[in-house]
Amino acid sequence: MSTSDRQLRVGMVGYAFMGAAHSQAWRTVNRVFDLPLRVRMAAVCGRDQEKVAAAAARLGWDDHVTDWRELIARDDIDVIDVCTPGDSHAEIAIAALAAGKHVLCEKPLANTVAEARAMVAAADAARAQGVRTICGFNYRRVPAVTLMRQMVEAGRLGTIRHVRAVYLQDWIIDPEFPLVWRLQRERAGSGALGDIGAHIIDLTQYVTGQRIAGVSAVTETFISERPLPGEASGLAASSSGGALGKVTVDDAAIFTARLSGGAIATYEASRFATGRKNALRVEINGSRGSLVFDLERLNELEFYDNDRPGAEQGFTRILVTEPEHPYLSAWWPPGHIIGYEHSFTHQMRDFVQAIADGTDPAPSFTDALGVQLVLDAVQRSADAGSTWTPVDPLGA
Ligand SMILES: NC(=O)c1ccc[n+]([C@@H]2O[C@H](COP(=O)([O-])OP(=O)(O)OC[C@H]3O[C@@H](n4cnc5c(N)ncnc54)[C@H](O)[C@@H]3O)[C@@H](O)[C@H]2O)c1
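Each chain has its residues counted from 1, following the order in which its sequence is written. Two thresholds apply to this predicted model, a pLDDT of at least 70 for residue-level local features and 80 or more for giving and counting side-chain atom pairs, whereas whole-chain, interface and lining totals are computed over all residues. Hydrogens are left out, water is left out, and the side-chain values use all remaining heavy atoms of the structure.

Details of the site of the ligand
Consider each residue's heavy atoms; a residue with any of them within 4 Å of a molecule or strand counts as near. As a matter of local geometry, the ligand sits amid 23 residues, with Met18, Lys107, Asn138, Trp181 and Arg182 nearest to it. A 3.5 Å cut-off defines polar contacts: any pair of N or O atoms within that distance qualifies, except that in protein one atom must be a possible hydrogen donor and the other a possible acceptor, and neighbouring residues in sequence count only when both atoms are side-chain atoms. Separating an oxygen atom of the ligand from a backbone N or O atom of Phe17 is a distance of 3.1 Å. His199 places a side-chain nitrogen or oxygen 3.1 Å from an oxygen atom of the ligand. The method behind every accessible area is Shrake-Rupley, applied with a 1.4 Å probe, and residues are considered shielded solely by the protein chains displayed. Within the complex, the protein chains bury 91% of what would otherwise be the 850 Å² of accessible surface of the ligand. The residue inventory of the shell around the ligand, partitioned by class, reads 11 nonpolar, eight polar and four charged. We call Asp, Glu, Lys and Arg charged. Ala, Val, Leu, Ile, Met, Phe, Trp, Tyr, Cys and Pro are nonpolar, and the rest, Gly among them, are polar.

Okay, structure coming up:
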């Protein structure tokens, strides 16, 4: 592999779930892809000295700090990777951009439209100095999803009529599960809607090339009070065993939508779909055919080609592991499947390549603002008894 010796020095903030996934991707990216820049995992930031030191050693970071401002002030860091809850995305990303650092920010971009707009403004100003930004909608980079986009773009589905998207989990069905940050509006912005609904909004807008123009929504919070959390956070948190606190986000969000190109769509995001652990499924029906993606079978894409003779019609299972499939030539021989973590490696690959090329990677902060505007419209519609609510334009 002839990766260059020119370095790209990364500083990452937060080292739990996404921090671990991103670390894995930063570690792997130059070993799999031939890139013009060599990633150096320069430093990781966490607030607890002992824990961040242990995380740096475990995840492979050269150094660690306890204040993200320190990371941004260092002149031996080129990229800031934001893996913290949504309430700190805007502050960290805007400061990093002002300091001339490229920024990868996890999704959803922010907790509010106002914050997302401020981040877009900061990204636009920084772009003039050659600084690049990307938002972490990693599912775009599952090869079968990228292939889906390529097939829609090539017209294989004809005119898109229907989009049917669900993202279902069940990790909080136990009423004793504690009030972690994901269940607090001031920390997370919203619940299932912004956490997992944001993914299917981005994925379907990306695959169809159409924007969600308007929505009618319902949201529900099934369990309104939960035990305050103990020490640990994240998905595997324990409760303190004491007082209760109020859940201030949705447990589930469902909405119908119209897309800018004329398609109609349904979306469902829930943390109460008992038995569904991380079930993301998208089906698209067009005048010439249909495509179906299911994350639990992420190496596959189902294609129904309505142009085939009647006797041969039916859904075809494409095993997306051929060298001509997106990203796959860098991995294993055909049929040797890949998994969840690879989508992050692909994200880092495209980000590093774009920085080296001086081009803007996608999804940009503006694309992510587009998702934020849909989240906002869904929230407003649900608050107004499911009233039809147009999505605000990007440029407002
Ligand atoms: N792309 C995906 O599929 C995906 C999946 C899960 C989460 N996310 C997003 O990633 C972000 C983080 O989620 P997570 O699941 O990793 O959460 P997490 O709770 O597992 O980790 C959050 C981390 O941020 C740290 N942190 C919080 N505030 C900080 C601060 N001020 N300074 C330094 N560190 C701070 C915490 O200590 C922890 O290490 C969220 O925006 C979430 O929506 C994306």
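This is not the end of the story, as more comes after the structure.
Overview of the environment of Pro393
Counting from the N terminus, the helices are the DSSP runs of H or I reaching at least four residues and the strands are the DSSP runs of E reaching at least two. One can find Pro393 in the segment after β17 (389–390). Any residue under 20% of the maximum accessible area for its type is buried, any over 50% is exposed, and the rest in between are partly exposed; the area is computed with a 1.4 Å probe on protein chains only. A relative accessible area of 53% places Pro393 in the exposed class. Spatially, the C-alpha atom of Pro393 lies 33 Å from that of Asp170, the residues being 223 residues apart in sequence. Note on contacts: a residue pair is in contact if any heavy atoms of the two residues lie within 4.5 Å. What Pro393 contacts, discounting residues up to four positions off in sequence, is Arg117 and Leu373.

Observations concerning unusual backbone geometry
The peptide bond linking Lys107 to Pro108 adopts the cis configuration, its omega dihedral lying at -20°. By the secondary structure assignment, Pro108 is in the loop between β5 (102–105) and α5 (113–127). Backbone torsion omega between Ala362 and Pro363 reads 0°, so that peptide bond is classified as cis. Although it is not a glycine, Tyr327 sits at a positive phi angle of roughly 70°. Residue position: Tyr327 is located in the loop between β16 (315–319) and α9 (340–357). Here Tyr327 falls in the buried class, since its relative accessible area comes to 16%. Although it is not a glycine, Ser386 sits at a positive phi angle of roughly 75°.

Considering the nonpolar core
Ranked by internal contacts, the top residues of the largest apolar core, which has 84 residues, are Ile212, Phe255, Tyr267, Phe293 and Phe365. The greatest single-element share of this core, amounting to 10 residues, is contributed by helix α10 (residues 365–383). Beyond its immediate sequence surroundings of up to four residues, Phe293 is in contact with Val142, Ala144, Val145, Met148, Leu280, Arg281, Val282, Leu298, Glu300 and Leu301. By size, the runner-up hydrophobic cluster in this structure holds 33 residues, among which are Met12, Ala55, Leu59 and Leu328. What makes a nonpolar core is a set of buried Ala, Val, Leu, Ile, Met, Phe, Trp, Tyr and Cys residues whose side-chain atoms join them at distances within 4.5 Å.

Observations concerning the packing of aromatic side chains
Pairs were defined over the aromatic rings of Phe, Tyr and Trp, the Trp ring being its six-membered one, requiring ring centres within 6.5 Å. Orientation was assigned from the angle between planes: stacked under 30 degrees, edge-to-face over 60, tilted for the rest. Tallied over the full model, the rule gives nine aromatic pairs. Seen in terms of ring centroids, Trp171 and Phe177 are 5.4 Å apart; in terms of plane orientation they differ by 80°. Their pairing is edge-to-face. Here Trp171 and Phe177 have matching classes, each one buried. Here the aromatic rings of Tyr340 and Phe344 are separated by 5.2 Å at their centres, their planes lie at 75°, and the arrangement is edge-to-face. In this pair, Tyr340 and Phe344 are both assigned in helix α9, four residues apart and thus about one turn of the helix distant. Owing to a relative accessible area of 0%, Phe344 belongs among the buried residues under this scheme.

Details of the sheet that holds strand β3 (residues 63–65)
Strand pairing is defined by DSSP finding a minimum of two bridges between the two strands. With parallel pairing, six strands are arranged side by side in an open sheet as β3-β2-β1-β4-β5-β6. Strands at the two margins of the open sheet, each flanked by one partner only, are β3 and β6 (133–135). Across the sheet, the mean angle from the axis of one strand to that of its neighbour is 20°, orientation sign disregarded. Alignment of strand β1 (residues 7–13) against strand β2 (residues 38–45), held across seven bridges, turns out to be parallel. Considered in β2, the bridge of Met12 is made with Val44. Note on method: axes are straight lines fitted to C-alpha atoms, helices fitted across the in-contact stretch only, with angles between N-to-C directions ranging 0 to 180 degrees.

Concerning the packing of helix α4 (residues 89–98) against α5
For any two helices packed against each other, the geometry comes down to the angle between their axes and how far apart the axes lie. As a packed pair, α4 and α5 sit with axes 9 Å apart at the nearest point and diverge in direction by 10°. For the element pair α4 / α5, the angle class is roughly parallel. Crossing angle aside, the handedness with which α4 passes α5 is left-handed. Mapping the contact onto sequence places His89, Ala90, Ala93, Ile94 and Leu97 in α4 and Glu115, Ala118, Met119, Ala122, Ala123 and Ala126 in α5. When its residues are assigned to classes, the contact of α4 with α5 shows nine nonpolar, one polar and one charged. Orientation is classified from the angle alone, with under 35 degrees giving roughly parallel, over 145 giving roughly antiparallel, 65 to 115 giving roughly perpendicular, and any other angle giving oblique. In this scheme the crossing of two helices becomes right-handed for a clockwise turn of the near helix relative to the far one and left-handed for an anticlockwise turn of less than a right angle.

Brief notes about the pattern of salt bridges
Between side chains of opposite charge, a pair can form when the charged atoms approach closely. Salt-bridge detection follows one rule: a side-chain nitrogen of Lys or Arg within 4 Å of a carboxyl oxygen of Asp or Glu. Under the criterion given, the structure shown has 27 salt bridges. Lys107 serves as the salt-bridge partner of Asp195, at 3.1 Å between the closest nitrogen and oxygen. Taken together, the residues Asp195 in helix α8 (residues 192–208) and Lys107 in the loop between β5 and α5 connect sequence positions 88 residues apart. Take Asp195: its relative accessible area is 13%, and that puts it in the buried class. A salt bridge links Arg380 to Asp392; the shortest N-O distance between them is 3.8 Å. Here Asp392 lies in the segment after β17 and Arg380 lies in helix α10, a separation of 12 residues in the sequence. Given the relative accessible area of 33%, Asp392 is considered partly exposed. Linked by salt bridges that have partners in common, Lys107, Arg182, Asp195 and Arg271 make up one network.

Keep in mind these values describe shape, not function.
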